[in-house]
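# Close look at the chain arrangement
Residues per chain are reported as follows:
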Amino acid sequence: MSKNNDSTIYVDMGGVSELFKGEEEFDKGVIDRGKQLQKYCIQRAKEIYGENLPIHIKDRIEEELVQIERAGDNVAATFLAAVEMFQAPCFQGPNRYIRGFRRALGASFVAYLCDITPFNPLELPENLTMHPVCFCGKMYLPMYINIGTKTKKEFMENNTDYEIPEGVELYNTINLELLEELQRRTEDIYICSGYEKEDDGFTSDMWGFLRTEDIKFLPEFRDHSLAQQIINNAPDLNIAALTKIIGLLHGSGTWFDNAEYLTKKYDNWLEKAISCQEDVYEYLMAHQVPHTSALDITEKVRHGNKSLSEEEMKILREYHCEDWFIESVRKIRYLFSRAQTLCYAMETKRLIYYFNKYRRLYIRIFENVYGIKAARWAEWGIHKNCKRP
């Protein structure tokens, strides 16, 4: 695999014309990594959307390519190297769906076109919109990619033609270990989308599972007592609500004395609650806070390691941000991206599907795959006096 890290990108910063002039421009002999990534993304987009790409697709590709250029010389090379890595046979077939990510990489349309991330950020409901502009290219490297344990083992032990590129880190997660084994044992490949539709095999009554003690068998709800407290206050359960709930669980300073307080004041508390970075950004933009200020405030809130300045507090007041919002963002110490919480929510929805259809097998795999014995139940938030299924 080439280690060429030259990724200069020749795009017109003011429009899409230079980016989409014609494919013949890509075949003049010396092609840098940035040009190769352009070509690959355009070809993949045309496979999905047709030869005449919609303007919003062109704009999004250009926006991200510019960010990739600004993020550093090795980023385009890493994208292309990851494309090549995922051509390995162990990542194809059903294993293609045993893949996730960390941080905000899932907000990248380029990452989706390169088959690095599992869902298209441009084809999600409005309430799950992701804004890569919030992160100014910082989402790209290192690429933290989640895969199944068996897939990773096969890639590491039996692969001679592919390698893990510099800038890519492969991780195992409990969600994907479960999904990998369930998919293999049942031969039932359930793929979750961001839209609610029963024709994909997931019926609305399956959401009721989240209001039972059985949520202890979902890795995202290791602290199932806290999860049940949040879920029991949720007015509705769907993929958007699950994304919010997981964000509240993974964030720091998000629930206790924060969103918990909103449950006592608002029926639509979950819709209001700040559970991810985009919640902050969207609220500020809806209140017409200047874009640069909105980005700066979002960045401070998501890390929680810097107090908002007097000038920033003045801006929040000037643009009529509500008291509950101001108090909420001042208490937050860390926020996940919506991309990452949505990824975990989709994985969790898939696990709910398998639990409902293959309950005994699911529990057996849950215990066998992870060797969860009595000494480890407490670690999972499952107490010994809990009645086990």
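Rules used throughout
- Residues numbered from 1 in each chain as written.
- Predicted model: local features only at pLDDT ≥ 70, side-chain atom pairs only at ≥ 80, totals over all residues.
- Heavy atoms only, no water.
- Helix = DSSP H or I, 4+ residues; strand = E, 2+ residues; numbered from the N terminus.
- Buried < 20%, exposed > 50% of the residue type's maximum accessible area, 1.4 Å probe, protein only.
- Contact = heavy atoms within 4.5 Å.
- Areas by Shrake-Rupley, 256 points an atom, 1.4 Å probe, with all protein chains shown as cover.
- Pairing = 2+ DSSP bridges.
- Axes fitted to C-alpha atoms, helices over the stretch in contact; angles between N-to-C directions.
- Expected span 1.5 Å × (residues − 1).
- Right-handed = clockwise from strand over helix to strand, strands pointing away.
- Salt bridge = Lys/Arg side-chain N within 4 Å of Asp/Glu carboxyl O.
- Left-handed = near helix turned anticlockwise from the far one by under 90°.
- Phe/Tyr/Trp six-rings, centres within 6.5 Å; stacked < 30°, edge-to-face > 60°.
- Lys NZ or Arg CZ within 6 Å of the ring centre and 35° of its normal.
- Core = buried A, V, L, I, M, F, W, Y, C linked by side-chain atoms within 4.5 Å.
- Patch = residues over 30% accessible without salt bridge, like charges linked within 9 Å, V, L, I, M, F, W, Y side chains within 5 Å.

## Remarks on the overall build of the protein chain
Along its length, the protein chain carries 17 helices and three strands. The buried share of the protein chain, reckoned over its 389 residues, is 53%. Summarising the internal contacts of the protein chain: among those between residues at least 6 apart in sequence, 75% fall at separations of at least 24. About 17900 Å² of surface is accessible on the protein chain, with carbon and sulfur atoms providing 46% of the total.

## Topic: the sheet that holds strand E3 (residues 168–172)
Pairing in this open sheet of three strands is mixed, and the strands run E1-E2-E3 from one edge to the other. Every interior strand has two partners, whereas the edge strands, strand E1 (99–101) and E3, have only one. Across this sheet, the average inter-strand angle for adjacent strands is 30°, counted without regard to direction. In the sheet, E1 pairs with strand E2 (residues 143–147) via three bridges, with the strands oriented antiparallel. In the strand pairing of E2, Arg-99 is matched with Ile-147. Against the sheet, helix H3 (residues 75–85) engages E2 and E3, with an angle of about 45° to E3. Packing of helix H15 (residues 338–357) onto the sheet brings it into contact with E1 and E2, and relative to E1 it is tilted by some 150°.

## Concerning H15
In this model H15 runs 28 Å from its N-terminal to its C-terminal C-alpha over 20 residues, within 8% of the 28 Å that 1.5 Å per residue would give. Most of H15 sits inside the fold, with 18 of its 20 residues counted as buried.

## Section: the pairing of E2
E2 sits mainly inside the fold: four of its five residues count as buried. Sheet analysis places E2 next to E3, joined by five bridges and oriented parallel. Within E3, the position partnered with Tyr-144 by the bridge is Glu-169. Taken together, E2, helix H5 (residues 149–158) and E3 form a β-α-β motif whose crossover is right-handed.

## Topic: the pattern of salt bridges
One pass over the full model with this rule turns up 18 salt bridges. Between Glu-51 and Lys-46 there is a salt bridge, with its nearest N and O atoms 3.3 Å apart. Residue classification places Glu-51 among the exposed residues on the basis of a relative accessible area of 56%. Taken together, the salt bridges that share partners define one network made up of Lys-150, Glu-181, Arg-184 and Arg-185.

## Focus on the packing of helix H12 (residues 291–303) against helix H13 (residues 310–318)
Between H12 and H13, the least distance of the axes is 11 Å, while the angle of their chain directions is 115°. In this structure, H12 crosses over H13, and the sense of that crossing is left-handed. On the side of H12, the interface is formed by Ser-293, Asp-296, Ile-297 and Lys-300, while H13 contributes Glu-312, Ile-315 and Leu-316.

## A word on unusual backbone geometry
At Asp-115, a residue that is not glycine, the phi angle is positive and equals roughly 60°. The backbone of Gln-288 sits at a positive phi, close to 60°, despite the residue not being glycine. With respect to the helices, strands and loops of the structure, Gln-288 is situated in the loop between helix H11 (277–286) and H12.

## Notes on the packing of aromatic side chains
Summed over all chains, the structure comprises 21 aromatic pairs. Ring geometry for Tyr-190 against Phe-202: centres 6.3 Å apart, planes inclined by 20°, an arrangement best described as stacked. Here Tyr-190, found in the loop between helix H6 (174–186) and helix H7 (224–233), pairs with Phe-202, found in the loop between H6 and H7; they are twelve residues apart in sequence, far enough to count as distant. By relative accessible area, Tyr-190 is classed as buried at 2%. Every member of this aromatic cluster is reached through a ring pair, and the members are Tyr-190, Phe-202, Trp-207, Tyr-353, Tyr-354 and Tyr-358. The ring of Tyr-171 is capped by Arg-102, whose NZ or CZ atom sits 4.1 Å from the centre of that ring. Seen from the ring of Phe-202, Lys-349 lies directly overhead, with NZ or CZ sitting 4.8 Å from the centre.

## Quick word on the nonpolar core
Core analysis: the largest hydrophobic core is formed by 111 residues, its most contacted members being Leu-37, Phe-79, Ile-116, Leu-210, Phe-221, Phe-325 and Tyr-362. Filtering out sequence-adjacent residues up to four positions away, Phe-79 remains in contact with Leu-37, Ile-68, Ser-108, Val-110, Ala-111, Cys-114, Ile-116, Tyr-140 and Met-143.

## Here's the deal with a nonpolar patch on the surface
A contiguous nonpolar patch, built from Tyr-97, Ile-189 and Ile-191 and spanning about 230 Å² of accessible area, is present on the exposed surface. Structurally, the position occupied by Tyr-97 is in the loop between H3 and E1.

## What about H12?
Across its 13 residues, H12 extends 19 Å between first and last C-alpha, which sits within 8% of the 18 Å expected from 1.5 Å per residue. What H12 keeps buried is the set Ser-293, Ala-294, Leu-295, Ile-297, Thr-298, Val-301 and Arg-302. Looking at the buried residues of H12, the elements they touch are H11, H13 and helix H14 (323–331). Of the residues trailing H12, Gly-304 is marked for its positive phi of about 65°.

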